[in-house]
Amino acid sequence: MAEVVRNKRVVLRNYVTGFPKESDMEIVEGTITLKVPEGSKEVLLKNLYLSCDPFMRNLMNKPQGTETSSGLNYTSGSAIGGFGVSKVIDSGSPDYKYGDLVWGLTKWEEYSLVPSSQIISKIQHTDGVPLSYYTGILGMPGVTAYAGLFEVGSLQKGERVFVSAASGAVDLLKNKFGFDEGFNYKEEPDLNAALKRYFPEGIDVYFENVGGKTLDAVLLNMRVQGRIPACGMISQYNLTQPEGVTNLANIVYKKIRMQGFHFFDYVNLYPKFLEFVLSHLKEGKIVYVEDIAEGLENGPAALVGLFSGRNFGKQVLLVAPE
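The structure displayed is predicted, hence computed values, not measured ones.

Student: Where do I start with the overall build of the chain in this structure?
Tutor: When helices and strands are tallied, the chain shows eight helices and 13 strands. For 322 residues, the compact-globule formula gives about 20 Å, and the C-alpha radius of gyration of the chain, at 21 Å, lands near that figure. On the principal axes, the C-alpha backbone points of the chain span a range of 70 × 45 × 35 Å. Looking at the chain as a whole, 48% of its 322 residues qualify as buried. For the chain, the exposed area adds up to about 16,100 Å²; of that, 50% sits on carbon and sulfur atoms. Put simply, the chain has 32 plus and 36 minus side-chain charges, and the middle of one group is 3 Å from the middle of the other.

What follows is the structure in structure tokens.
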């Protein structure tokens, strides 16, 4: 007989309007059989670390049945989902076996039965690298940054880069993470003037996460043939009437290329990306900070905290010890 164990889950109560609150989620306990059903190609995972990501908020706003680029589809009364690091407990797929460490899409619960197609990669490199890094710098967020800068943004050595929503105190960005400059947009009454101060020669690559007034000011400060990889527009997500962008003519005048993209467009680059980033991490050329909350019961607070800036570093949820 296959073992039956408790399975604690973070469940979405109802679809939300705007940013989620802790009360929009609840902790539910059930049971799960630690065996993949006969004939199934699914994989049974024990979740170790879960990633708290802004895109999860969008899924909480989706009407039932709406598909997303990730393939995730939240329904009220069911466990929410996202990226995570897991250990294979049982597998109906020949690609995975008991004990394999993997990262990919999973549910916010202790154990998840998922299609093998939701697993992005096995984790082969654990020497000197915490497993939790595969929820962030070595996972989806890292690949997104890499693809945005080097594939979409065509970044070249010596070019000037502006990243909106870099997140963190200005002294932290400069003294710990090594940015040349940084500023708090809330303290800048004139974004155009601030950008001219920090980029007197203009911006070559703007990594777009915000949209709205920030994008409008950036367009005035882009260099000729600048590139804008667009990853998000967080300033617009809760507006009933999105803000207009008045400086779009600069895209024509300055021959600017602006392109939206998703992580899943560049999954095929993962081996190349991993080689690049692992070497930089081990040489100390990339500084990475995590904020780890422990236990599924603290998951709702950790996720909601993203939208008020409570986290210091990449927000991760520890579900089970390694």
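Having seen the structure, we can now continue with the description.
Student: Would you mind showing me how to read unusual backbone geometry here?
Tutor: Leave glycine aside and you will find that most residues have negative phi; peptide bonds, for their part, are mostly trans. Of note, Gln225 is a non-glycine position whose phi angle comes to about 65 degrees, a positive value. For Gln225, the location among the structural elements is in strand β10 (residues 222–230). The backbone of Lys255 shows a phi angle near 55 degrees, a positive value even though the residue is not glycine. By the secondary structure assignment, Lys255 is in the loop between α6 (249–253) and β11 (257–260).

Student: How do you make sense of the side chain of Asp53 when you look at a structure like this?
Tutor: On the secondary structure map, Asp53 appears in the loop between β3 (43–51) and α1 (55–61). By relative accessible area, Asp53 is classed as buried at 3%. A polar contact of 2.7 Å, which involves the side chain of Asp53, links it to the side chain of Ser51. In this view, Asp53 contacts Phe83, Met140, Pro141, Leu303, Leu306 and Lys314; residues no more than four positions away in its chain are not counted.

Student: What exactly am I supposed to notice about the packing of helix α2 (residues 140–152) against helix α7 (residues 270–282) here?
Tutor: Packed helices, taken two at a time, are described by the angle their axes make and the gap between the axes. Between α2 and α7, the shortest axis-to-axis distance is 11 Å and the interhelical angle comes to 95 degrees. As summarised for this structure, α2 and α7 are arranged roughly perpendicular, according to the angle between their axes. Residue-level inspection shows Gly142, Val143, Tyr146, Phe150 and Glu151 of α2 in contact with α7, the latter providing Tyr270, Lys272, Phe273 and Phe276. Across the contact of α2 with α7, the residue classes tally to six nonpolar, one polar and two charged.

Student: Mind showing me how you'd approach the state of the cysteines here?
Tutor: In a disulfide, the sulfur atoms of two cysteines are held together by a covalent bond. Counted under the stated rule, the structure contains zero disulfides. For the unlinked cysteine Cys52, the closest cysteine sulfur is that of Cys231, found at 17 Å. Relative accessible area serves as the criterion here: at 33%, Cys231 is assigned to the partly exposed category.

Student: Before we go on, may I ask you to explain the environment of Ala302 in this structure?
Tutor: Along the chain, the position of Ala302 falls in helix α8 (residues 299–305). On the basis of relative accessibility, which here comes to 8%, the residue Ala302 falls in the buried class. Those residues in contact with Ala302 that lie beyond four places of it in its chain are Cys52, Ala293 and Gln315.

About the thresholds
- Residue numbers run consecutively from 1 along every chain, following the written order of its sequence.
- Side-chain atom pairs in this predicted model are given and counted only at pLDDT of 80 or more, local residue features only at pLDDT of at least 70, and totals for whole chains, interfaces and linings cover all residues.
- Hydrogens are left out, water is left out, and the side-chain values use all remaining heavy atoms of the structure.
- Put simply, DSSP H or I for four residues or longer makes a helix, DSSP E for two residues or longer makes a strand, and each gets a number counted from the N terminus.
- As defined in this context, the radius of gyration uses C-alpha atoms, and a globule is described by 2.2 Å times the residue total to the power 0.38.
- Relative accessibility under 20% of the residue-type maximum defines a buried residue, over 50% an exposed one, and the middle range a partly exposed one, all with a 1.4 Å probe and only protein chains included.
- Surface exposure here means Shrake-Rupley accessible area, sampled with a 1.4 Å probe, where a residue is shielded only by the protein chains that are shown.
- Asp and Glu are treated as the negative residues and Lys and Arg as the positive ones, with His and the ends of the chain left uncounted.
- Note that the charge is assigned to NZ on lysines, CZ on arginines, CG on aspartates and CD on glutamates.
- Pairs of N or O atoms within 3.5 Å make up the polar contacts considered here, provided that, within protein, one atom can donate a hydrogen while the other can accept it, and that residues adjacent in sequence are counted only when both atoms are side-chain atoms.
- What makes two residues a contact is simply this: any of their non-hydrogen atoms within 4.5 Å.
- Helix axes are fitted only over the stretch in contact, all axes being lines through C-alpha atoms; the angle between N-to-C directions runs from 0 to 180 degrees.
- Here the angle decides the label: under 35 degrees means roughly parallel, over 145 means roughly antiparallel, 65 to 115 means roughly perpendicular, and every other value means oblique.
- For this scheme, ten residues count as nonpolar: Ala, Val, Leu, Ile, Met, Phe, Trp, Tyr, Cys and Pro. Four count as charged, namely Asp, Glu, Lys and Arg, and the remainder, Gly too, count as polar.
- Cysteine sulfur pairs qualify as disulfides if the two atoms are within 2.5 Å.

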